[in-house]
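# Structural description and commentary
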Amino acid sequence: MHKVRDMDMLTREWDLIELPGGEILTCVGSFRGTRTRGRVTYVPDDDGAVEIFGRRYRKISYEISGSIDKTKQVLALPGECHYVVPVREIARHHPTIPLASEQPEIADLVSALSAMEIPLHVGGSRAINASRIDSDYDLVIYGKSNIERAAKTITALPAYHQDPHFGLDFVRAKYRHFTRLTRKDLELLVADRWRHFRFHGIAMSLDVADPDLPSDRWTAGQARLFDVAHVRGVVLDGSQCYLSPKIIDVQTDTGIIRAFTWLNLYTGALRTGDQIAVYGRWMVMHGHQFLLVLDSTHAIRVVARPSTNPV
C-alpha cells in the first residue's frame, strides 16, 4: 500500500494553491523544495459563477493567461498556462482531502478501493467548499503502483459508466491549436480513457499523485533543445502518463526513446501496448535525452490500440 506522506512535501500533484492576487492554481507535479508548478484553474471575477471563500471566481476553460506577479510562466497554451511559484508566494495551500465514505452515492466506490488498500482523496471545487449541485468529483489516488489496480477495480463496479462528461466539443475547442491532432486523435486520447466516468450517474474524474516521485528536478533543470523529430513505437508502461511530468518509455525499431510532456491532455491517455507516433523536439536534461512534446505543433498520436486493458 502506498501511504500519503505530507511531512516533507511542499505540494502534491492535484493540490490547489492560491496566490496573493487571488489566482488559484492546480499543482502540476509533487514538490519537496522551495517552489512548485501550477496550472491556472480559477481567477477572480466579480461576474464569475463560482464563490470561493466569499470571493467570486470564474473557472478557466481554454483561455491563455498572462503574466502573474512574482511567478515564472513556463507554458502558455489554451487552458494549459503553467507557472513556477516560489513558496513565499503561496498565500493558501488547499490539499486534497480524504473522501468521506458516508456519502451514499460513492460509498461502494470508496469501499472497493479501501479493500484494495488504495486511499481515495478528492480535490478541486469539493476540496475548497466551492462545489455546486452539478459539480463533478475530482478524485485522486496516491502511488504509481496503485494505478492499474485502481483502474481494474473501478471499471469492474456495476455503477461505473465511462463518460467524458465535460464534452468533446470543449476538448476540441481547447486543443484546436494542436495542429497535428485530428478529431479522431482527440477522441482516442480523451473519449477512450477510463478515468472520466459516471458513478451512479455522478460525473467523476480520477487522477494520480505520487509524492515518492517528486518533480523538482524537472522544473529546476536546464534543458538544451535540439532538432525536431518524429518517431513511431509502442508504449511500454501506460501508467507513466498519469504523473507530471509524463516521461513515457517508447520502444522503437532502433531502441527505447523517452517522450517528455507536461501537458494535461495526455494524463491517462495512453495504454501499455499502444502504437503511437510522437512529434516533438529532442531535449537533453540532467544528462538524459528526451523527445519533448510541448508546442502546439507537437503531438502524441495513437496509431493503433490493440489492448483492452484500461492502463
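Residues numbered from 1 in each chain as written. Predicted model: local features only at pLDDT ≥ 70, side-chain atom pairs only at ≥ 80, totals over all residues. Heavy atoms only, no water.

## Focus on empty space enclosed by the protein
By the definition in use, this model includes 2 cavities of 30 Å³ or more. Taken together, Glu 13, Trp 14, Val 28, Arg 39, Glu 80, His 82, Ser 244, Lys 246, Trp 262, Leu 263, Asn 264 and Thr 267 make up the full set of residues lining the largest cavity. Residues that form the lining of the largest cavity fall into these classes: 4 nonpolar, 4 polar and 4 charged. Lining of the second largest cavity is provided by Asp 192, Arg 193, Trp 194, Gly 268, Ala 269, Leu 270, Arg 271, Arg 305 and Pro 310. (1 Å grid on protein atoms, 1.4 Å probe; cavity = no way out; pocket = protein on both sides within 12 Å on 5 of 7 lines; lining within 4 Å. Points joined across faces, edges and corners; volume = space filled by probe spheres on them. Nonpolar A, V, L, I, M, F, W, Y, C, P; charged D, E, K, R; others polar.)

## A few points about unusual backbone geometry
Phi is mostly negative for residues that are not glycine, and the peptide bonds are mostly trans. Residue Pro 245 follows Ser 244 across a cis peptide bond; omega there is -5°. Mapped onto the elements, Pro 245 comes out in the loop between strand 15 (224–235) and strand 16 (246–252). For Phe 53, which is not glycine, the phi torsion reads 50° and is therefore positive. Relative to the helices and strands, Phe 53 is located in the loop between strand 4 (50–52) and strand 5 (55–59). (Helix = DSSP H or I, 4+ residues; strand = E, 2+ residues; numbered from the N terminus.)

## Re the layout of surface pockets
If you add up the space inside the largest pocket, you get close to 1,100 Å³. Considering the residues around the largest pocket, the lining is formed by 42 residues, among which Lys 59, Asp 136, Asp 138, Phe 166 and Phe 170 are closest to the centre. Only strand 3 (35–44), strand 5, strand 11 (137–142), helix 3 (168–174), strand 13 (196–199) and strand 14 (202–209) provide two or more residues apiece to the lining of the largest pocket. When residues in the lining of the largest pocket are grouped by element, the largest group, 4 residues, is from strand 3. The residue makeup of the lining of the largest pocket, split by class, is 18 nonpolar, 12 polar and 12 charged. Taken as a whole, the second largest pocket encloses approximately 400 Å³ of empty space. Lining the second largest pocket are 19 residues, and of these Arg 37, Val 74, Trp 218, Thr 219 and Gly 221 sit closest to its centre. Elements with a contribution of two residues or more to the lining of the second largest pocket: strand 3, strand 6 (72–77), helix 5 (216–220) and strand 18 (275–285). Here the residues of the lining of the second largest pocket sort into 12 nonpolar, 4 polar and 3 charged.

## Some remarks on the side chain of Thr 36
Relative to the assigned elements, Thr 36 resides in strand 3. One polar contact links Thr 36 to Thr 11, side chain to side chain, over a distance of 2.8 Å. In contact with Thr 36, other than residues within four places in its own chain, are Leu 10, Thr 11, Ile 17, Cys 27, Phe 31, Tyr 83, Val 84, Val 85 and Ile 90. (Polar contact = N/O pair within 3.5 Å; in protein donor to acceptor, adjacent residues only side chain to side chain. Contact = heavy atoms within 4.5 Å.)

## Points about helix 2 (residues 147–155)
Among the residues making up helix 2, those that are buried are Ile 147, Ala 150, Ala 151, Thr 153 and Ile 154. Against the buried residues of helix 2 lie helix 1 (107–115), strand 11, strand 12 (160–162), strand 13 and strand 14. (Buried < 20%, exposed > 50% of the residue type's maximum accessible area, 1.4 Å probe, protein only.)

## Structural notes on the side chain of Asp 163
Its location among the elements puts Asp 163 in the loop between strand 12 and helix 3. For Asp 163, the contacting residues outside a window of four places in its chain are His 196, Phe 197 and Arg 198.

## Examining helix 1
Of the residues making up helix 1, those classed as buried are Leu 109, Val 110, Ala 112 and Leu 113. End-on, the buried residues of helix 1 take up no more than an arc of 160°, which puts them together on one face. For helix 1, the elements touching its buried residues are strand 10 (120–123), strand 11, helix 2, strand 13 and strand 14. One or two steps after helix 1, the chain reaches Glu 117, where phi turns positive at roughly 60°. (Arc of directions from axis to C-beta.)

## Topic: the sheet that holds strand 13
Spatial ordering of the open sheet is given by 9-10-11-14-13-12, a layout of 6 strands whose pairing is mixed. Looking along the sheet, the strands with just one partner apiece sit at the ends: strand 9 (97–98) and strand 12. Sheet topology note: the strand 11/strand 14 ladder contains 6 bridges and is parallel. Following the sheet pairing, Asp 138 is matched in strand 14 by Ser 205. Most of the contacts of helix 1 go to strand 10, to which it runs at about 130°, and overall it touches strand 10, strand 11, strand 13 and strand 14. (Pairing = 2+ DSSP bridges. Axes fitted to C-alpha atoms, helices over the stretch in contact; angles between N-to-C directions.)

## Description of the packing of aromatic side chains
The description of an aromatic ring pair uses the distance of the two centres, along with the angle that the planes make with each other. By the definition in use, this model includes 10 aromatic pairs. Ring plane angle 40° and centroid distance 5.2 Å describe the contact between Tyr 160 and Phe 197, whose orientation is recorded as tilted. With Tyr 160 in strand 12 and Phe 197 in strand 13, this pair connects stretches of sequence that are 37 residues apart. Residue classification places Tyr 160 among the buried residues on the basis of a relative accessible area of 15%. Of the residues examined, Phe 197 reaches a relative accessible area of 0% and is grouped as buried. Linked through ring pairs, Trp 218, Phe 260, Trp 262 and Phe 290 together constitute an aromatic cluster. The ring of Tyr 137 has Arg 126 sitting right over it, with the charged end atom 3.8 Å from the ring centre. The lysine or arginine in question, Arg 217, covers the ring of Trp 218, its NZ or CZ lying 4.5 Å from the ring centre. (Phe/Tyr/Trp six-rings, centres within 6.5 Å; stacked < 30°, edge-to-face > 60°. Lys NZ or Arg CZ within 6 Å of the ring centre and 35° of its normal.)

Take it as geometry only, folks, not as evidence of what the structure does.
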